[in-house]
Amino acid sequence: MYDLLIFLTLIAVGYSVGTLTEKRHYRSIHKREKAFLYLPAVTIKAVDYPEEKVRSAELVYGSVVISIDYFKKILAGLRNIFGGTVKSYESLIDRARREALLRMKEMAGDATVIVNVRIETSTIARKANKEGVGCLEAIAYGTALTLEK
Amino acid sequence: MKYTPRQPKSNVNVTPTSHIREFFVLAGGLLGLIVVIYLMLGLAVDLIVPHISIDLENKMGVHFFQSMDGKDADSQREYYVQSLMDDLQERCAKLPYRFKIHVRKASTVNAMALPGGHVIVFTGLLDKVSSENELAFVLAHEMGHYAHRDHLRAGGRAVVLMTFSALLFGVDSSVSKVLGHTLNITELSFSRKQETQADEFALETINCAYGHVGGATDFFEKIPKEQDPGKFGHYFASHPETRSRISHLNNIIRSRGFNPAKRKPLPKAIWTFIP
């Protein structure tokens with residue numbers, strides 16, 4: 001009985017706080033993505049531009065660790081039983097990747113373009129491979145080119 | 001190729017969905033499944049029990065037995081009861097079990113048949129019996145349950161779950177061990193018919209062993225009415241109709257011409273010693 005109470009409290013707290021945090025995070029992501037629109041981040045390896053005009057080329061990266069909330073974790077656990085798309089994890093991964101891209105852009109500063117962008121994710125589980133996805137790390141990296149005007 | 005900076009209007013990577021709704025649908029489905037499985041397990045007992053081999057039962061019995069708390073006490077009387085049981089089995093009730101008697105200290109006037117041939121006899125019962133024949137009848141009654149495999153049916157869902165676990169994961173797997181420890185095998189309850197059949201089996205057995213049935217009904221006669229049956233009380237709790245059992249036995253004794261004769265006393269040296 002006592003355990004059930006703790007469980008339900010955790011679910012309620014997880015749902016309310018998790019939803020609030022996610023909404024706030026998305027608002028911030030949208031705002032910053034708009035602000036960084038001037039800086040393209042592309043997956044092509046090189047730009048068609050004379051080499052002597054490239055002022056600098058440097059590695060830029062951004063990484064973030066985001067945790068799932070308790071409610072979504074339980075929901076994903078239920079999903080594990082029946083199978084199907086784990087919708088409750090989708091926003092977690094989406095947020096992590098976009099946040100990592102944004103941090104990479106912040107590191108690039110006033111570069112002209114970021115080429116060869118790659119995004120990777122890895123799980124940071126409480127017990128390796130046992131507890132499932134507890135936390136998720138996303139890292140985005142690329143080469144920031146600053147071109148002569 | 002020209003780069004046009006723009007923000008995507010919608011997010012294709014996140015499904016717009018109500019998590020709360022998904023949660024209730026999934027949790028409800030799971031709960032429903034559990035209820036269905038629980039009901040099915042109850043029905044599966046009678047189908048599965050005839051197919052459980054003695055060998056498998058013996059192996060599973062260890063786990064069930066370990067889930068019983070307490071230690072064997074009173075090794076002297078345990079030894080005596082064991083040899084009485086072995087003698088009955090050897091001469092008159094050839095059952096494919098290796099019976100092991102465990103004497104447990106408790107005031108309950110009762111004995112229990114656990115899977116795998118583990119028979120638990122409480123000191124409350126040993127203190128009450130006054131003749132070897134009387135004790136033999138109780139032991140033969142338990143053997144009757146083994147003969148008809150009532151003890152497995154009475155174990156109900158616990159036995160079904162354990163059998164599945166033993167077949168799927170192996171008898172010595174951790175799953176089976178955990179199941180054995182958590183399942184409540186002590187919720188034994190026998191039907192009236194099962195008790196009657198075990199009584200008849202016991203009557204035949206002691207008639208074969210002693211040549212008469214003296215002492216067969218003694219045990220029932222002397223049960224105090226106020227005896228607290230405890231949680232294992234399958235002699236009394238499940239049978240408020242003890243009197244009808246006695247008359248049923250007496251009917252058989254008369255119709256079969258069994259001879260109610262003198263009882264054989266218990267070995268005094270052991271019985272006066274109460275640790």
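**Quick notes on the overall build of chain A**
- Each helix and strand in chain A was counted, giving three helices and three strands.
- Listing each helix as α and each strand as β along chain A from the N terminus yields α-β-α-α-β-β.
- Per-residue burial over chain A gives 36% buried out of 149 residues.
- Expressed as a percentage of contacts within chain A between residues at least 6 apart in sequence, the contacts between residues at least 24 apart total 81%.
- Of the accessible surface of chain A, which amounts to about 9,100 Å², a share of 58% is contributed by carbon and sulfur atoms.

**With respect to the packing of aromatic side chains**
- As enumerated under the stated definition, the model contains eight aromatic pairs over all chains in all.
- Arranged with centres 5.7 Å apart and planes meeting at 80°, the rings of phenylalanine 23 of chain B and phenylalanine 24 of chain B form a pair that is edge-to-face.
- Members of the aromatic cluster, connected to one another through ring pairs, are Tyr15 and Phe71 of chain A together with Phe23 and Phe24 of chain B.

**Thoughts on a nonpolar patch on the surface**
Residue and element names in this part refer to chain A.
- Together, Met1, Leu4, Leu5 and Leu8 make up a nonpolar patch on the protein surface, roughly 460 Å² of accessible area in all.
- Looking at where leucine 8 falls in the secondary structure, it is placed in helix H1 (residues 2–35).
- Here leucine 8 falls in the partly exposed class, since its relative accessible area comes to 48%.

**Remarks on the side chain of aspartate 150 of chain B**
- Along the chain, aspartate 150 of chain B falls in helix H6 (residues 150–155).
- If near-sequence neighbours (up to four positions away) are discounted, aspartate 150 of chain B is found in contact with His145, Phe190 and Gln194 of chain B.

**Considerations on the sheet that holds strand E1 (residues 54–67) of chain A**
All names here are of chain A.
- Strand order in the open sheet made by the three strands is E1-E3-E2, with antiparallel pairing throughout. Looking at strand neighbours, the two that pair on one side only are E1 and strand E2 (113–124), the edges of this open sheet. On average, each strand axis in the sheet is tilted by 15° relative to the strand beside it, whichever way the strands run.
- Where E2 and strand E3 (residues 135–147) come together, 10 bridges link them in antiparallel fashion. Looking at E3, one finds that arginine 118 is bridged to tyrosine 141.
- Along the sheet face, helix H3 (residues 87–108) touches E1, E2 and E3 and points at about 150° away from the line of E1.

**Some words on the confidence of the model for chain B**
Residues and elements named next belong to chain B.
- Confidence along chain B averages 77 in pLDDT terms, with 84% of residues attaining 70 or more.
- Every residue in residues 228–234 is under pLDDT 50, and counting partners more than four places away or in other chains gives 18 contacts.
- Confidence drops under a pLDDT of 50 for residues 236–240, and excluding neighbours within four residues, the segment shows 14 contacts in the predicted structure.
- Taken together, the chains of this predicted complex give a pTM of 0.56 and an interface ipTM of 0.78.

Criteria and cut-off values
Residues numbered from 1 in each chain as written. Chains lettered and ligands numbered in written order. Predicted model: local features only at pLDDT ≥ 70, side-chain atom pairs only at ≥ 80, totals over all residues. Heavy atoms only, no water. Helix = DSSP H or I, 4+ residues; strand = E, 2+ residues; numbered from the N terminus. Buried < 20%, exposed > 50% of the residue type's maximum accessible area, 1.4 Å probe, protein only. Contact = heavy atoms within 4.5 Å. Areas by Shrake-Rupley, 256 points an atom, 1.4 Å probe, with all protein chains shown as cover. Phe/Tyr/Trp six-rings, centres within 6.5 Å; stacked < 30°, edge-to-face > 60°. Patch = residues over 30% accessible without salt bridge, like charges linked within 9 Å, V, L, I, M, F, W, Y side chains within 5 Å. Salt bridge = Lys/Arg side-chain N within 4 Å of Asp/Glu carboxyl O. Pairing = 2+ DSSP bridges. Axes fitted to C-alpha atoms, helices over the stretch in contact; angles between N-to-C directions. pLDDT = per-residue confidence, 0-100.

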